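Working through the structure, step by step
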Amino acid sequence: MPKGISFSPILIALILASGLLIYLYLPVDTEQQQKKSIATPVTAYTVSEVKFPVVVEALGTANANESVMLTAQKSDIVQSIEFDDGDLVEKGQLLIKLSDREERARLNELDINLQEAKRQLKRIDNLAQKSVASKQLLDEQEANVKALKAQLEVAKAQLEELELRAPFSGLLGVRQVSLGALVMPGDLIATLDDLHIIKMDFTIAESHLPSVRKGQQVSATSAAYPGETFKGEISSIASRVDPVTRAIQIRAIIDNKDLKLRPGMLLQISLEKDILNTLTLPEGALVPIEDKQFVFVIKGDKVERQEVKVGLRKPGIAQITSGLKEGDQVVIEGALRLREGSVVNVLSTHTSQG
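Given the structure is predicted, the values throughout are model-derived calculations rather than measurements.

Here is what the cut-offs are and how they apply
Residues numbered from 1 in each chain as written. Predicted model: local features only at pLDDT ≥ 70, side-chain atom pairs only at ≥ 80, totals over all residues. Heavy atoms only, no water. Helix = DSSP H or I, 4+ residues; strand = E, 2+ residues; numbered from the N terminus. Buried < 20%, exposed > 50% of the residue type's maximum accessible area, 1.4 Å probe, protein only. Contact = heavy atoms within 4.5 Å. Areas by Shrake-Rupley, 256 points an atom, 1.4 Å probe, with all protein chains shown as cover. Phe/Tyr/Trp six-rings, centres within 6.5 Å; stacked < 30°, edge-to-face > 60°. Lys NZ or Arg CZ within 6 Å of the ring centre and 35° of its normal. 1 Å grid on protein atoms, 1.4 Å probe; cavity = no way out; pocket = protein on both sides within 12 Å on 5 of 7 lines; lining within 4 Å. Points joined across faces, edges and corners; volume = space filled by probe spheres on them. Pairing = 2+ DSSP bridges. pLDDT = per-residue confidence, 0-100. Expected span 1.5 Å × (residues − 1). Salt bridge = Lys/Arg side-chain N within 4 Å of Asp/Glu carboxyl O.

**Some details on the overall build of the chain**
What the chain contains, in helices and strands, is three helices and 19 strands. Looking at the chain residue by residue over its 354 residues, the buried ones come to 33%. In the chain, of all internal contacts separated by at least 6 residues, the share reaching a separation of at least 24 is 75%. Accessible surface, the chain: about 22,100 Å² in total, of which carbon and sulfur atoms supply 52%.

**Things to note about the packing of aromatic side chains**
Evaluation of the coordinates by the stated rule reveals one aromatic pair. Where Tyr225 meets Phe230, the ring centres are 5.9 Å apart and the plane angle is 70 degrees; that geometry is what we call edge-to-face. Directly above the ring of Tyr225 sits Lys260, whose terminal nitrogen or CZ lies 5.7 Å from the centroid. The ring of Phe294 carries Arg305 above its face, with NZ or CZ at 4.9 Å from the centroid.

**Examining empty space enclosed by the protein**
Once rolled over the atoms, a probe with the size of a water molecule shows which space is left empty. This model, assessed by the stated rule, comprises one cavity of 30 Å³ or more. Computed from the structure, the largest cavity encloses a volume of approximately 50 Å³. If you go around the largest cavity, the residues you meet are Thr71, Ala72, Gln73, Ile96, Leu98, Glu161, Leu162, Glu163, Leu164, Val183 and Ile189. When residues of the lining of the largest cavity are traced back to their parent elements, those giving at least two are strand S5 (94-98) and strand S6 (163-165).

**Describing the sheet that holds strand S8 (residues 182-183)**
Strands in a sheet are paired, the pairing made by backbone hydrogen bonds, and the direction either parallel or antiparallel. Read across the open sheet, the four strands follow the order S6-S5-S3-S8; overall the sheet is antiparallel. The open sheet is flanked by S6 and S8, the only strands paired with a single partner. Where strand S3 (residues 76-81) meets S8, two bridges bridge the pair, whose relative direction is antiparallel. Note that in S8 the partner of Asp76 across the bridge is Val183.

**Concerning the confidence of the model for the chain**
Averaged over the chain, the pLDDT score is 85; the fraction of residues at 70 or greater is 89%. Mean pLDDT across the elements of the chain bottoms out in helix H1 (residues 9-37) (54) and peaks in strand S12 (residues 247-255) (95).

**Remarks on helix H3 (residues 135-160)**
Across its 26 residues, H3 extends 38 Å between first and last C-alpha, which sits within 8% of the 38 Å expected from 1.5 Å per residue. Of the residues making up H3, those classed as buried are Leu138, Gln141, Val145, Leu148, Leu152, Ala155 and Leu159. Contacts made by the buried residues of H3 are with helix H2 (101-129) and S6.

**A look at the pattern of salt bridges**
Applying the stated rule across the entire model yields eleven salt bridges. Notably, a salt bridge pairs Asp139 with Lys135, separated by 2.8 Å at the nearest N-O pair. Of the two residues, Asp139 and Lys135 are both situated in helix H3; the distance of four residues between them amounts to about one turn of the helix. The partly exposed category is assigned to Asp139, whose relative accessible area is 35%. Judged by its relative accessible area of 55%, Lys135 is exposed.

Here you go:
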């Protein structure tokens, strides 16, 4: 020690006490700051009981309410075409007329013969009343008149077969014949579909059979119309279950007044089977470990890993049958970075939505 400098025992004691205090308390503050700095940011979710629709999903095919392939009944030349591709037509509207000159001539001939036969019948009847003509002659003429009437009806029917008329109101397809073409019986002329109502056929597993009934509401979506839902109702349920697939066919009808849906379209069908009051969680909250499901429940500023039982699911949502209670807060974002006892920093909290 330099000459002339001295330390009292009291000063030395104060210096040692100060050093001891710094040694004891400084690490504590540093540790707290470190803990605060390593808190994992998460998003929380407050669990509550909500309505959870149990929905049966299926794929179905759209069919027209009525559909037919229009064909010719006789072999002849197309005389006139009374429609364009894609026309909306009414029941009974004339579409195609084949050459009918021969049939009309035959019809005119029979009509003239019938009128003459009626005049002869009237004259013979007058003579028979005066006992000038025999009863046998009168009967023969009456039979002749009836035969000509029958022949006339046949000729009218044959003439009608040369005209193709719409059997019901609907939308025509693409025309397959041209003016002057020779058509044969069975040749396709066009298609006709009644699209004001769409029949939607789909199948469901036999286990769902007790939950479906006629008149039950269904929803359908199509890739052609993203975000749009078409409403319908079940019109019929098949009487038998397919012994191979163990599925049963269901038919629903959809009002298609805007003619958006077309036969053959693939539809995604949702059938509401039941509505449960239950706890649900976003699927992002679930942490699978082997064959079990866990969630992280927030307790203060830390989390506890809790096993849960998952029931039914729908896209993004899972039903929780046990392991949680109403009011629990669980981590829905950031769970993969956590472990038992991890410190968390809750950035935001969401609530269950029905």
